[in-house]
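Observations on the model geometry
In case you want the letters, here they are:
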Amino acid sequence: MTKSKILGGAIVALLASTAYAAAQDQVIQFVECGDTPSPVHVATIEAWEAANPGFDVQVEVVGWGQCQDKVTTLAVAGTPVGLAYIGSRALKQLASNDLIIDMPMTDEEKATYYPYVADTVTFDGTQWGRPVAFSTKALYWNKDLFEAAGLDPEKPPTTFAEKIEFAKAITEKTDAAGYGVVAKTFDNTMHQFLHWVYSNDGLVIDADNNIVLDSPQNLEALTALRDIVPYAEEGPTAYEQNEVRAIFLDGKLGMIEAASGALNLLADAPFKWGVTTLPQGPSAKGPGTLLITDSMAVFKGSGVEEQAKDLAIFLTNPENQTAYEAEQGLTPLRPGPAADAIVAADPNWKPFFDGIAFGGPEPLLTDYLGLQNVMIEMVQSVVTGAAEPAAALTKAAGELEQYK
């Protein structure tokens, strides 16, 4: 074999190796949280790939319990995925550590969403993700228990005071507890308390990055939560929201606050029930709710950031997002015909939209777990009687300063 042929073969091999490396560089790794791939997302990704030849989107489905930890660990290790589905609550922490890129929205884009949805992905005046899933809460009540307690089964509570009053009546006049208090060492303990906060015009952190947890509005909210504890299930620190929901489904609770997913679970309930907006506190300006979103986040350092960003925007554009929401049974992120059709088909959905206008986002802090732990400890200290609401708020507000 001649030297030129050997050299030629080496060049061919080198070119093949380079081509292979280039092809590898075009892979966009997408981590989706859940149990199985979303058929809508699979079809949408195929459409994006067809319009962007040379890019291969590789989807990995990771369970909810490990999903966010996995993508964060990979990013910190310097081997980031291109795109990930994560809780919006983590965006500030990821951005502050320079692990994700920003995805600014125009005013026109922000205006397409329901109020405050864009705020769930915003800090320092810009957006750090594209919302992909949305959850609000409403109050469910057991009409049979209301009637048994001498209450009007068609008139649910509209205020904190009525909620406490009705819970007391159910507890004292039936064999059920009046209201489901969530106080387990679990993230939704914070979420459930924030329903009281946003139903009373409260905040945890304001637009200027000031911790405002220790406010008159939040004192009213935490005091009302304390006052309803005697009429809750026994030992509320042992229950997270799905466990409380299970007691309600068994007909053993008068009222709970839950997401729209409970509608399907109640379809064959052996008791009459209703759903309404969250009762309002004395400082409320209207019915509120915590606005929780998950988002598509683009990680820095993958080498395909711009393409991953384009894919994230494509996955969450109005047409594709509407199809995904319909598939998953999610509250729509945007008002319009799809949301109107949901309410027309099932009026029980209406309260989940009515609370949005006065709702608020999950607080964005640089250490979400730190925020969560402080809020859980605060709620538990009041629920168990270990601390008075005013003192608990002051203590928690001081502790949150380190996580701004």
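Residues numbered from 1 in each chain as written. Predicted model: local features only at pLDDT ≥ 70, side-chain atom pairs only at ≥ 80, totals over all residues. Heavy atoms only, no water.

Looking at an unreviewed UniProt entry, the protein chain carries the name Extracellular solute-binding protein, with the source organism given as Devosia oryziradicis. Note on the protein chain: under the UniProt heading Sequence similarities (unreviewed entry), the record states "Belongs to the bacterial solute-binding protein 1 family." (UniProt positions renumbered as here; feature names shortened; annotations may be inferred.)

All of the buried residues along helix α12 (residues 305-315) are Glu-305, Ala-308, Lys-309, Leu-311, Ala-312 and Leu-315. Summarising the axial view, the buried residues of α12 lie within an arc of 160°, below the 170-degree limit, and thus occupy one face. (Buried < 20%, exposed > 50% of the residue type's maximum accessible area, 1.4 Å probe, protein only. Helix = DSSP H or I, 4+ residues; strand = E, 2+ residues; numbered from the N terminus. Arc of directions from axis to C-beta.)

To continue, consider the layout of surface pockets. Here the second largest pocket defines a volume of roughly 710 Å³. Around the second largest pocket, the lining is made up of 29 residues, and of these Asp-119, Ile-205, Asp-206, Ala-207 and Pro-361 lie nearest the centre. Looking at the lining of the second largest pocket, the elements with two or more residues in it are β4 (122-123) and β12 (360-361). Split into classes, the residues belonging to the lining of the second largest pocket amount to 12 nonpolar, nine polar and eight charged. (1 Å grid on protein atoms, 1.4 Å probe; cavity = no way out; pocket = protein on both sides within 12 Å on 5 of 7 lines; lining within 4 Å. Points joined across faces, edges and corners; volume = space filled by probe spheres on them. Nonpolar A, V, L, I, M, F, W, Y, C, P; charged D, E, K, R; others polar.)

Turning our attention to the sheet that holds strand β7 (residues 138-142). Two orientations exist for strands paired in a sheet by backbone hydrogen bonds: parallel and antiparallel. In spatial order, the strands read β8-β9-β7-β10; together these four strands make up an open sheet with mixed pairing. Strands at the two margins of the open sheet, each flanked by one partner only, are β8 (177-179) and β10 (273-276). Across the sheet, the mean angle separating the axes of adjacent strands is 20° when strand polarity is ignored. Pairing of β7 with strand β9 (residues 253-258), which is carried by four bridges, proceeds in the antiparallel orientation. Residue Tyr-140 lies in a different strand from β9, and its bridge partner there is Ile-256. Helix α10 (residues 241-249) contacts β7 and β9 of the sheet and is inclined by roughly 140° relative to β9. (Pairing = 2+ DSSP bridges. Axes fitted to C-alpha atoms, helices over the stretch in contact; angles between N-to-C directions. Contact = heavy atoms within 4.5 Å.)

Here we take up the nonpolar core. Ranked by internal contacts, the top residues of the largest apolar core, which has 71 residues, are Leu-83, Tyr-140 and Phe-299. By size, the runner-up hydrophobic cluster in this structure holds 54 residues, among which are Ala-176, Ala-183, Leu-371 and Met-375. (Core = buried A, V, L, I, M, F, W, Y, C linked by side-chain atoms within 4.5 Å.)

Attention now moves to helix α7 (residues 160-173). Look at α7: 20 Å from first C-alpha to last across 14 residues, which is about the 20 Å you get at 1.5 Å a residue. Inspection of α7 places Phe-160, Lys-163, Ile-164, Phe-166, Ala-167, Ala-169 and Ile-170 among the buried residues, and these make up the whole buried set. On the buried face of α7, the contacting elements are β7, α6 (143-148), β8, α8 (187-198), α9 (216-228) and β9. (Expected span 1.5 Å × (residues − 1).)

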